[in-house]
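Results of the structural survey
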Amino acid sequence: MSVKENIVATLSIAGYEPVTNKKTLLEGVDRMWTGLEPLWQETLSLAWDAFCSGTVPVGCVICDKEDQIVARGQNAIADLSSSSPLAGTDLAHAEMIAMSQLQKADHPEIREYILYTSLEPCPMCIGAAVMMNIRQIRYAARDALAGSLVLCTATPYLSSKRMTAELAEPVLEMFQLALVTAYELRRRHSRQAELLGLLQVDCPEGVAIGASLFEEGYLAKAVTESLTVEQVFDEVMARLD
Ligand SMILES: [Zn+2]
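Since the structure is predicted, the reported quantities are computational estimates derived from the model, not experimental observations. (Residues numbered from 1 in each chain as written. Predicted model: local features only at pLDDT ≥ 70, side-chain atom pairs only at ≥ 80, totals over all residues.)

Right, let's get into helix H7 (residues 170-187). The end-to-end C-alpha distance of H7, which contains 18 residues, comes to 26 Å, matching closely the 26 Å that a straight helix rising 1.5 Å per residue would cover. With respect to burial, H7 is a largely interior element, 15 of its 18 residues being buried. One or two steps after H7, the chain reaches Arg 188, where phi turns positive at roughly 50°. (Helix = DSSP H or I, 4+ residues; strand = E, 2+ residues; numbered from the N terminus. Expected span 1.5 Å × (residues − 1). Buried ≥ 20, exposed ≤ 12 C-beta atoms within 10 Å, placed from the backbone.)

This part is about the packing of H7 against helix H9 (residues 204-215). It is the contact of H7 with H9, at a shortest axis distance of 7 Å, that shows an interaxial angle of 45°. With respect to each other, H7 and H9 are oriented oblique. The hand of the H7/H9 crossing is right-handed. Between H7 and H9, the contacting residues are Glu 173, Met 174, Leu 177, Ala 178, Leu 179, Val 180, Thr 181, Ala 182, Leu 185 and Arg 186 on the first element and Glu 205, Gly 206, Val 207, Ile 209, Gly 210, Ala 211, Leu 213 and Phe 214 on the second. Here the contact of H7 with H9 is built from residues that sort into 12 nonpolar, 3 polar and 3 charged. (Axes fitted to C-alpha atoms, helices over the stretch in contact; angles between N-to-C directions. Parallel < 35°, antiparallel > 145°, perpendicular 65-115°, else oblique. Left-handed = near helix turned anticlockwise from the far one by under 90°. Contact = placed C-beta atoms within 7 Å. Nonpolar A, V, L, I, M, F, W, Y, C, P; charged D, E, K, R; others polar.)

The next thing to look at is the nonpolar core. With 63 residues, the main nonpolar core has Leu 44, Phe 175 and Ala 178 as its most contacted residues. When residues in this core are grouped by element, the largest group, 11 residues, is from H7. Among residues more than four places away in sequence, those in contact with Leu 44 are Gly 59, Ser 118, Ala 140, Leu 172, Phe 175, Val 229 and Phe 233. (Core = buried A, V, L, I, M, F, W, Y, C linked by C-beta atoms within 7 Å.)

Here the focus is the sheet that holds strand S2 (residues 69-74). As summarised here, the arrangement of the 5 strands in space is S2-S1-S3-S4-S5, forming an open sheet in which the pairing is mixed. With partners counted over all chains shown, the strands left at the sheet margins are S2 and strand S5 (164-167), one partner each. Going from strand to strand, the sheet's axes swing by 15° on average, the running direction of each strand aside. With 4 bridges joining them, strand S3 (residues 114-117) and strand S4 (residues 136-139) adopt parallel strand pairing. For Ile 114, the partnering residue across the bridge sits in S4 and is Gln 136. Along the sheet face, helix H3 (residues 38-52) touches strand S1 (59-63), S2 and S3 and points at about 145° away from the line of S1. (Pairing = 2+ DSSP bridges.)

In structure tokens:
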């Protein structure tokens, strides 16, 4: 059974039928890399760098109220070449690496900052953002496994922080989940089918495209041939046609 058939089989076991067609949702939407906001381009570029470094493909940028980037991060759990002191630990999430660069004294207006991440933050990163006084989060893709934005209102204390979170347009989620799918297929996790089944509920197209790109060896080749994130993004979008 091919990877794609295996995923489809998992999907039917779960009894899930996709009810929306993202192709329809995307009609008239600019699907080219050049149509993305620069802050999203930088966030996805960091996610692609993380993928190329063999670790979880997640990128993060934090900007001030003038949209100037004040910190960048990319996952480094399995990337020992990263210069972050967190590299090689399970704390090395893209958001943690970005936030760890913000010395309190240098960023008195941190409450005005916006954290962009390519994947919905986990419990650790939500907690860290709350305690860092970052109040606005924008994310490219939902994470049905570890995504924990629901925590923003889990206690009176957390609710009092008035965190806001905004999901980006669907093309970003497709690209991000295509990368996550290929990453999961590459690392052959024992719970792979379960993980991909969860991602598929939110974005079946992204998972299917990621599985195809992995099976065809496109992404492995993209890494060895140093393709740019723009080339890879446009390839993912071309697969929607
Ligand atoms: Zn995290």
